[in-house]
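# Structural characterization, general
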Amino acid sequence: MSITKNLKKIKNTLPDDVTLVAVSKTKSISEIREAYDAGHIIFGENKIQEIIQKWESMPKDIQWHMIGHVQRNKVRYMAGFVSLIHGVDSIRLLGEIDKRAKQNNRVINCLLQIHIAEETTKFGLSADELNEIIHSDEFQKMKNIAIVGLMGMATFTDDTNQIRREFRFLKTLFDSTKKIIPDISILSMGMSGDYEIAIEEGSNMVRIGSSIFGARNGH
């Protein structure tokens, strides 16, 4: 099936209030162009050099989301154009984004990444660390970042009950965080393998790659 058909098929299954981030990491400009020509403008990348190359050579109305783990020393390279940073998992990283955003006269939208999976390899904040950040003086002083929501990745497992439990936990955390930061509106959870469960549990942003572009080219 073509990228255009895949995209259409997925969009037809998503509720109107769910934003689709097409995960275009490792994909070529021509593949992204096909999705763009089909009317899609939100793409997710996980490597700095790749997101910069693609931003430079693609139309400027595209919204580029950084969905991978972000190293602090790389923030400056994308601070001028990145639309949303998904994986913010420390106050130090937030501080760096704030600093670089200020240099670019921008406010950069960020999602705080919460560790919900049972796997220890995944990045993310605990519920306590999340609370610590949003109540800290340091956070209150940051004027060039906007926390617009939370993000989390479920355990890679066939146990749908476990996946559902993890997503439900993040939704509960989202609801309690919204009482403190009323402006948050994005709950980003769900990828190609589990986005249907994520949506049932309250996700309104899903990251889908292989179901749109086909199997991955490398990592």
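What you are looking at is a predicted structure, and each value in this text was computed from that prediction instead of being measured.

Rules and cut-offs
Residues numbered from 1 in each chain as written. Predicted model: local features only at pLDDT ≥ 70, side-chain atom pairs only at ≥ 80, totals over all residues. Heavy atoms only, no water. Helix = DSSP H or I, 4+ residues; strand = E, 2+ residues; numbered from the N terminus. Rg over C-alpha atoms; globule rule 2.2 N^0.38 Å. Buried < 20%, exposed > 50% of the residue type's maximum accessible area, 1.4 Å probe, protein only. Contact = heavy atoms within 4.5 Å. Areas by Shrake-Rupley, 256 points an atom, 1.4 Å probe, with all protein chains shown as cover. Lys, Arg positive; Asp, Glu negative; His and termini not counted. Charge placed at Lys NZ, Arg CZ, Asp CG, Glu CD. Salt bridge = Lys/Arg side-chain N within 4 Å of Asp/Glu carboxyl O. Pairing = 2+ DSSP bridges. Axes fitted to C-alpha atoms, helices over the stretch in contact; angles between N-to-C directions. Expected span 1.5 Å × (residues − 1). Right-handed = clockwise from strand over helix to strand, strands pointing away.

This paragraph deals with the overall build of the protein. Of the regular secondary structure elements, the protein holds 10 helices and 8 strands. Relative to a compact globule of 219 residues, whose C-alpha radius of gyration would be 17 Å, the protein shows 17 Å and is just as compact. For the protein, with 219 residues in total, the buried portion stands at 50%. Taking all contacts inside the protein whose residues are at least 6 apart in sequence as the whole, residues at least 24 apart take part in 59%. Surface accessibility of the protein: about 10,800 Å² in total, with carbon and sulfur atoms responsible for 49%. Separation of charge centres in the protein, based on 29 positive and 28 negative side chains, amounts to 5 Å.

Let's shift gears to the pattern of salt bridges. A side chain of one charge can pair with a side chain of the opposite charge if their charged atoms are brought near each other. This structure, assessed with the given rule, holds 9 salt bridges. Of the charged contacts, one joins R33 and D37 as a salt bridge, the two residues approaching to 3.8 Å between their closest N and O atoms. Here D37 and R33 lie together in helix α2 (residues 29-37), a separation of 4 residues that amounts to about one turn. Taken together, the shared-partner salt bridges in this structure form one network comprising R164, R168, E200 and E201.

Here the focus is the sheet that holds strand β4 (residues 84-88). Around the barrel, 8 strands lie side by side as β1-β2-β3-β4-β5-β6-β7-β8; this closed barrel has parallel pairing. Neighbour-to-neighbour, the strand axes of this sheet turn through a mean angle of 30°, independent of strand direction. Across 4 bridges, the pairing between strand β6 (residues 145-152) and strand β7 (residues 186-191) is parallel. Residue G152 lies in a different strand from β7, and its bridge partner there is M189. Along the sheet face, helix α8 (residues 160-180) touches β5 (108-114), β6 and β7 and points at about 170° away from the line of β7.

End to end, helix α5 (residues 91-103) covers 19 Å across 13 residues, agreeing with the expected 18 Å (1.5 Å per residue, within 8%). Of all the residues in α5, the buried ones are L93, L94, E96, I97, D98, R100 and A101. Here the buried face of α5 lies against α4 (75-78), β4, β5, α6 (127-134), α7 (137-141) and β6.

This paragraph deals with the pairing of β5. The two faces of the sheet receive side chains in turn, since in a regular strand these alternate between them. For β5, the buried fraction is high: 6 of the 7 residues fall into the buried class. Examined bridge by bridge, β4 and β5 share 3 bridges and lie parallel to one another. Pairing of I85 across the sheet is with C110, part of β5. For the crossover from β4 across α5 to β5, the handedness is right-handed. Pairing of β5 with β6 involves 7 bridges; the strand directions are parallel. Paired with N109 across the strands is A146, a residue of β6.

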